[in-house]
Amino acid sequence: MSADKPTGADLNPRELGRWLWRQLTSMRTALILLLMLALAAVPGSVIPQEGVDSLKTSRWQADHPTLTPVYEKLSLFSVYDSPWFSAIYILLMVSLVGCIIPRTFVYLRAIRTPPPIAPRNLTRLPDHASYDSDASVEEVLQRAREVLKGRGYRLRPAENGSDYVSAERGYLREVGNLVFHLSVVVVLVGFALGSLFGFRGGAVIAQGSTFANTISQYDDFEPGSLFSADQMDPFVFSFDSFDVEWQRTNRGVLARAFDAGLTYTDEPGAEEQFYDLRVNHPLSIGDTDVFLIGHGYAPVITVTDGDGNEVYSGPTPFLPQDQSFLSFGVVKSPDAQPGQIGLEGLLYPTFELVEGNPLTIYPDDLNPLLSLSVYTGDLGLDVPTSQSVYVLDKANATQVLDNEGKPLRLDLSIGETATLPDGLGTVTFDSVQPWTRIQFSQTPGKEIALVGVVLALIGMCGSLFIRPRRVWVRARAGSHQDGSVTMVEVAALDRSGGGGDVAPVLEEIVDELRSAPPRVEEKQ
Amino acid sequence: MTNAAWETLSDQAIGVSGVVYFLALLAHLVEWSSLRGTVPVDAAAASSTRSRAAVGAVAVATGPTEGAGSGTEESRQRVALFGRLGLLLTMIAAVVHLTSLVGRGMAADPNRVPWGNMYEFTLSGTFVVTLMYLVLYRRFALSWMAPIVVAFVLSMLMVAVIWLHSAVTPLTEALNSYWLVIHVVAAVIATGAFTLGGMTSAMWLVKNRKGDIATGPLARVPSLATLDRVSYRIHAFGFPVWTFAVLITGPIWAHEAWSSYWNWDPKEVWAFITWVVYAAYLHARSTAGWKGKNAAILALVGLATLWFNFIGINFFSTTSQHSYADSAPSVVQPVGQPVGQPVGQR
Ligand code: HEM
């Protein structure tokens, strides 16, 4: 990319390596890598991501059968774990470390170096001023030392016979810059720890049930690659109560506040504690954070089969379809005799017929109604592959019909029982209980990442707002006829990467110098 | 006052402030049209003791009076008068604008910060742009920016009122957190700063094309060196604030509300892209060969990603948990749930 690209022939491997290293750790490479990182992040916001929304991803894949294999090859469904994305940021990190470490040494040397000697001609510098003073050369220089010291400048030790003062400030800028860049690495290490050793999981839990923190109780569980099961905190909680407050707004009725009352023990035998789990108010038990992230209704349904045995009973979480809390759910009872029974349908929390259409007019469970279709036959539950509890496999099942030959629909209010045709059994809608979706996570290294970002921010502010400057003041016995006048030259230089306007600073310093006790006389 | 009264007040106030912004724009246009044909004053007169070797050794034309050039006394006075009038009107508009914001917050039950949806975010963001412009007006001699800022704010307000307006609703549960205050305040402030910085960079590019020493209206725009410096300073202010908003408070809040610090949600992705582009901008500033023009272009790319993230993502992306404007609260949707057609009242 640059003109000094060597021709491979006249380089030995060692030199080539050094050349490559220099290129990699150059500022320009950092810039290009940063831009590449920005660009590389874009596809992940356009194409659905496996790790963000797996359902949407699989739908997209179903809709785009030709593109899917290509995208899969390019890891476009998991951009942020893809080899090419990783390559960019790993290169960036290598470049960063390769850039920062040498700079640290340069910096360490620089802080031990006194401010440099004054340029021969101060008036050649962009920002300079000159005036005549009645004070003697020594007095002017002494005054300059005091003023500059008072302003936080470090001075070059006076040498015999030198006619100037050299001062510098803003050494911390470089520290800020180094701290910032190193903190970026710290943040990434913290992040990496979290994703390697942590886990995320969730479970839908109906009110009244108890949850013991073992992996088998989770509905979904994503461990990091170095996670080990003995990291699981041995807590147990019961979900005792659920409160929700509904509010009518012009966008419909919204759940304004909801909380789940939990009774928990940190470990078996420990003291019982209580917590009202709410959105935005997670509970920490040991290293695990527990979050409330959703809620819904679980109708308690009892199924008895044709032989009169109770084959299914309990709260069945139904999933809300939208904010009206019209909810969809499934019941599977594979053990029923003479045939398996599968139920699928909707729960209307506050049912009402509006112009012949079944609707739910309020999300609270004021008048719940279950509306179910019935299937029998093979529900596909014999195969060992795990099946979603929210999906009924109807491939080999048949829908049960009513005596008019139309698909049977059971409409049940609380307490009602329906008898299924063909001696299949009965279905009873006992009650409705709330469920909550609770998310669990362990994120080791999160403190490291947090400390990292905070340090990065502090370092960045130092690096952006501390202005490194050099100031020189030179005094010479004057050219005035009687020789009593001292000619003073002051120059200032801003050493930050732009954005520094030293003119006002220079002006201030000059004013301060000239307000010195000995009377001064302005000469142009 | 009732909530409905507050909401009406807010809606009326935004209309009034729009009208006042419009008057301010007119005043600035008159001011600028009076400038035609004038040539810049040599600002060297301002300081006789120092010389500047920077590119723009000439006019650092600043405040409304200074920039009037060597036109006739009468036209100079006109320029000054209308410049001041425009500034005054902008201040009044800003106060009314603020009233509207307060009204939005008071209209909600319970009262809340006025940035719960895109309409409110646009109102807040534009208010911050105006406020920062007014605050920095003297410090950075921003009078040249007046028509641009006012026109921008006015058009964004029109967009907000026409397309984004929505009635006051309470915050959804996930948004109901004091992190909303911290996170969004920081994001809005950074957005305001980057927007101003973008205007300066754009002007740098325009001026760079036309040559530094132009006559007519462009002469009032500060020199390339000054523009460059102001632009850097504004971005240098915005960048840490943005970092704080999207890389510190954002993840903390996301963790509390959604249980994960960083989820590569589209909104997060674009906030990250914006951050990286501005980091590149700051790098470009200190890399020879990338200074000036390339840096200014990067600043504008950053601004584009910023505004795309704000407006575009909310419209185009359905997966974003952040598209809080019109979707059902994400919090009621457990993972893997089939999403059906909405039934019932909307
Ligand atoms: C993750 C990658 C990086 C990010 C996010 C980043 C970000 C930044 C930011 C925001 C600044 C301006 C604020 C400050 O001065 O602290 C900066 C400055 C700087 N960066 Fe980086 N950087 C990265 C990688 C690198 C690399 C790889 C190098 C070396 C090749 C580098 C060298 C520098 C230098 C020398 C400055 C100071 C410029 C000046 O003096 O004005 N950075 N960086």
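Predicted, not measured: the structure shown is a model, and the values here were computed from it. (Residues numbered from 1 in each chain as written. Chains lettered and ligands numbered in written order. Predicted model: local features only at pLDDT ≥ 70, side-chain atom pairs only at ≥ 80, totals over all residues. Heavy atoms only, no water.)

Formed by 119 residues in total, the largest nonpolar core has its most connected members in Tyr133(B), Leu142(B), Leu196(B) and Trp242(B). In terms of residues, this core owes the most to one element, helix 6 (residues 224–258) of chain B, which gives 16 residues. Counting residues in hydrophobic clusters, the runner-up holds 50 residues, among them Phe242(A), Phe325(A), Leu370(A) and Ala418(A). (Core = buried A, V, L, I, M, F, W, Y, C linked by side-chain atoms within 4.5 Å. Buried < 20%, exposed > 50% of the residue type's maximum accessible area, 1.4 Å probe, protein only. Helix = DSSP H or I, 4+ residues; strand = E, 2+ residues; numbered from the N terminus.)

The next subject is the UniProt feature "transmembrane region" (unreviewed entry) in chain A. All names here are of chain A. UniProt tags residues 84–106, 178–199 and 448–466 as "transmembrane region" (unreviewed entry). The distance separating the terminal C-alpha atoms of residues 84–106 is 33 Å; by composition the span is 100% helix and 0% strand. From the first C-alpha to the last, residues 178–199 spans 33 Å; its make-up is 91% helix and 5% strand. (UniProt positions renumbered as here; feature names shortened; annotations may be inferred.)

There is a patch of nonpolar side chains on the surface, built from Leu450(A), Val451(A), Val454(A), Leu455(A) and Ile458(A) and spanning about 410 Å² of accessible area. A relative accessible area of 55% means that Ile458(A) is categorised as exposed. (Patch = residues over 30% accessible without salt bridge, like charges linked within 9 Å, V, L, I, M, F, W, Y side chains within 5 Å. Areas by Shrake-Rupley, 256 points an atom, 1.4 Å probe, with all protein chains shown as cover. Salt bridge = Lys/Arg side-chain N within 4 Å of Asp/Glu carboxyl O.)

This part takes up the coordination of the iron atom of the ligand. Taken together, His181(A) (NE2) and His283(B) (NE2) make up the protein donors of the iron atom of the ligand, found 1.9 Å from the metal. Given six donor atoms and angles of 72 to 178° at the metal, the environment of the iron atom of the ligand is assigned as octahedral. In this pair, His181(A) is assigned in helix 8 (residues 172–197) and His283(B) in helix 7 (residues 266–285), connecting two distinct chains. (Donors = N, O, S within 2.8 Å, 3.2 Å for Na, K, Ca; no water. Tetrahedral: all angles 85-135°; square planar, octahedral: opposite > 155°, others 65-115°.)

All names here are of chain A. Inspection of the entire model under this criterion finds 15 salt bridges over all chains. The partner of Arg437 in a salt bridge is Asp220, with the nearest N and O atoms 3.2 Å apart. Residue Arg437 is located in strand 22 (residues 425–442), and its partner Asp220 is located in strand 6 (residues 220–223); the two are separated by 217 residues in the primary sequence. For Arg437, a relative accessible area of 4% corresponds to the buried category. A single salt-bridge network, built from bridges that share partners, covers Arg151, Glu508 and Glu512.

Every one of the 23 residues lining the ligand counts as a neighbour, but Cys99(A), Arg173(A), His181(A), Ser463(A) and His283(B) are closest to it. Residue neighbours of the ligand fall on chains A and B, so the site bridges chains. Within the side chain of Asn177(A), an N or O atom sits 3.3 Å from an oxygen atom of the ligand. If you list the elements that add at least two residues to the shell around the ligand, you get helix 2 (27–41), helix 6 (83–112), helix 8 and helix 9 (446–465) of chain A together with helix 7 of chain B. At six residues, the largest contribution of residues to the shell around the ligand is made by helix 6 of chain A. Its residues assigned to classes, the shell around the ligand comprises 13 nonpolar, eight polar and two charged. (Near = heavy atom within 4 Å. Polar contact = N/O pair within 3.5 Å; in protein donor to acceptor, adjacent residues only side chain to side chain. Nonpolar A, V, L, I, M, F, W, Y, C, P; charged D, E, K, R; others polar.)

Our focus in this paragraph is the UniProt feature "transmembrane region" (unreviewed entry) in chain B. Residue and element names in this part refer to chain B. Under the present numbering, the feature "transmembrane region" (unreviewed entry) in UniProt falls on residues 12–30, 85–106, 118–137, 144–166, 178–206, 234–254, 269–284 and 296–316. A helix fraction of 100% and a strand fraction of 0% characterise residues 178–206, whose end C-alpha atoms lie 42 Å from each other. Measuring from the first to the last C-alpha atom of residues 234–254 gives 28 Å, for a span that is 100% helix and 0% strand.

Residues and elements named next belong to chain A. Interaxial distance between helix 2 and helix 6 falls to 10 Å at its minimum, and their mutual angle equals 155°. In this view, helix 2 runs roughly antiparallel relative to helix 6, as classed from their interaxial angle. Viewed along their axes, helix 2 and helix 6 form a crossing whose handedness is left-handed. Packed against helix 2, whose contacting residues are Ala30, Leu33, Leu34, Met36, Leu37, Ala40 and Ala41, the element helix 6 presents Trp84, Phe85, Ile88, Tyr89, Leu91, Leu92 and Ser95 at the interface. Of the residues in the contact of helix 2 with helix 6, the class split is 13 nonpolar, one polar and no charged. (Axes fitted to C-alpha atoms, helices over the stretch in contact; angles between N-to-C directions. Parallel < 35°, antiparallel > 145°, perpendicular 65-115°, else oblique. Left-handed = near helix turned anticlockwise from the far one by under 90°. Contact = heavy atoms within 4.5 Å.)

So, on to helix 2 of chain A. Here helix 2 of chain A contains 15 residues, and its C-alpha end-to-end distance of 21 Å stays within 8% of the 21 Å for a straight helix at 1.5 Å per residue. Turning to helix 2 of chain A, its buried residues number three or more, namely Thr29(A), Ala30(A), Leu31(A), Leu33(A), Leu34(A), Leu37(A), Ala38(A), Ala40(A) and Ala41(A). Its buried side turned inward, helix 2 of chain A meets helix 1 (13–24), helix 3 (43–46) and helix 6 of chain A together with helix 7 of chain B. (Expected span 1.5 Å × (residues − 1).)

Looking now at the packing of aromatic side chains. Within a pair of aromatic rings, the relevant descriptors are the distance that separates the centres and the angle that separates the planes. Residue and element names in this part refer to chain A. Tallied over the full model, the rule gives 35 aromatic pairs over all chains. Taken together, a centroid distance of 5.2 Å and an interplanar angle of 75° make the contact between Tyr218 and Phe221 edge-to-face. Tyr218 sits in the buried class, given a relative accessible area of 9%. For the pair Phe239 and Phe242, a centre-to-centre distance of 6.3 Å together with 85° between the ring planes defines the contact as edge-to-face. Exposure remark for Phe242: the relative accessible area of 14% places this residue in the buried category. Members of the aromatic cluster, connected to one another through ring pairs, are Phe199, Phe211, Tyr218, Phe221, Phe227, Phe235, Phe237 and Phe440. A cation sits over an aromatic face here: Arg154 above Tyr171, 3.9 Å from the ring centre. Between Arg169 and the ring centre of Tyr153, over which it is positioned, the NZ or CZ distance is 5.8 Å. (Phe/Tyr/Trp six-rings, centres within 6.5 Å; stacked < 30°, edge-to-face > 60°. Lys NZ or Arg CZ within 6 Å of the ring centre and 35° of its normal.)

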